[in-house]
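What follows is the residue order along each chain.
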Amino acid sequence: YYYNEIFPGVILEAMQMGLPIITTSEGAIPDMIQNNHNGLIVERKDVTSIVNAMKKLIINSEIRNKISSQAKNDFYKYYTMDIFESNMLKTFKKMSSYNEL
C-alpha cells in the first residue's frame, strides 16, 4: 500500500505478462483494473482481504486464467506505447483546436 500511488507501472507490467493481479482501489487503479474482470481489488491495509483473494486465485484455476488472459488483452488494447502516443496526439490536437477559437 502506497497512498500516493496514482498509476502504477507494475500493474501494467503484470498485465503485459498475463499475470493475475491483486490490488487496491488507490488512485487510477480502478480505471485500469475491474474487479473479477482483469484483476481482483481488495480493501486497503486488510490482510484478510488479500489472503482471500490469493486463495481464490490459487484454488480456482478457471478464474485465475480468465483474469490473467483478460489483463493481457486489456494491456494490448489500452496501454501499449502506440496507443499512448495516439491518445496523446489526439489530446494535443484537441487542445490546439481550442486555442484557435
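Note that the structure is predicted; figures quoted are calculated from it, not measured. (Residues numbered from 1 in each chain as written. Predicted model: local features only at pLDDT ≥ 70, side-chain atom pairs only at ≥ 80, totals over all residues. Heavy atoms only, no water.)

Turning our attention to the overall build of the protein. Helix and strand counts for the protein stand at five helices and two strands. Counting from the amino terminus, helix and strand elements in the protein follow one another as α-β-α-β-α-α-α. Relative to the 2.2 N^0.38 estimate, which gives 13 Å for 101 residues, the radius of gyration of the protein is 16 Å and therefore markedly larger than a compact globule would have. With the C-alpha coordinates aligned to their principal axes, the bounding extent of the protein is approximately 55 × 25 × 15 Å. Split into buried and exposed, the 101 residues of the protein put 27% on the buried side. A sequence separation of at least 24 residues applies to 44% of the contacts in the protein between residues at least 6 apart. Across the protein, the 11 positively charged side chains and the 11 negatively charged ones have centroids separated by 5 Å. (Helix = DSSP H or I, 4+ residues; strand = E, 2+ residues; numbered from the N terminus. Rg over C-alpha atoms; globule rule 2.2 N^0.38 Å. Buried < 20%, exposed > 50% of the residue type's maximum accessible area, 1.4 Å probe, protein only. Contact = heavy atoms within 4.5 Å. Lys, Arg positive; Asp, Glu negative; His and termini not counted. Charge placed at Lys NZ, Arg CZ, Asp CG, Glu CD.)

Before going further, it helps to examine the environment of R44. Looking at the element boundaries, R44 is found in the loop between strand 2 (40–41) and helix 3 (47–59). Taking relative accessible area as the criterion, R44 reaches 41% and is therefore assigned partly exposed. The spacing of R44 and G27 is 17 residues in sequence and 12 Å in space, taken between C-alpha atoms. Among the polar contacts made by the side chain of R44, one reaches the main-chain carbonyl oxygen of S25 at a distance of 3.3 Å. Within the structure, the side chain of R44 is placed 2.9 Å from the side chain of E26, a separation counted as a polar contact. (Polar contact = N/O pair within 3.5 Å; in protein donor to acceptor, adjacent residues only side chain to side chain.)

Further remarks concern the layout of surface pockets. Taken as a whole, the second largest pocket holds about 190 Å³ of empty space. What lines the second largest pocket is F7, L12, Y78, Y79, T80, M81, F84, N87, M88 and T91. Element by element, the count of residues in the lining of the second largest pocket is highest for helix 5 (residues 81–99), at five residues. Taken together, the residues of the lining of the second largest pocket break down into seven nonpolar, three polar and no charged. (1 Å grid on protein atoms, 1.4 Å probe; cavity = no way out; pocket = protein on both sides within 12 Å on 5 of 7 lines; lining within 4 Å. Points joined across faces, edges and corners; volume = space filled by probe spheres on them. Nonpolar A, V, L, I, M, F, W, Y, C, P; charged D, E, K, R; others polar.)

Further remarks concern helix 3. Counted at 1.5 Å a residue, the expected span for helix 3 with its 13 residues is 18 Å, and the 18 Å between its end C-alpha atoms agrees. Taken residue by residue, helix 3 has S49, A53 and L57 as its buried positions. Relative to the axis of helix 3, the buried residues are bounded by an arc of 65° and lie together on one face. Of the exposed residues in helix 3, the ones pointing more than 90 degrees away from its buried face are V47, T48, I58 and I59. N-capping of helix 3 is provided by D46, with a side-chain oxygen placed 3.1 Å from the backbone N of T48. (Expected span 1.5 Å × (residues − 1). Arc of directions from axis to C-beta.)

For the rest of this paragraph, the subject is helix 1 (residues 9–16). Those residues of helix 1 lying buried are I11, L12, A14 and M15. Seen along its axis, helix 1 keeps its buried residues to an arc of 160°; they face one direction. Buried-residue contacts for helix 1 involve strand 1 (22–23), helix 2 (29–32) and helix 4 (61–78). Just past helix 1, the residue G18 takes up positive phi, approximately 70°.

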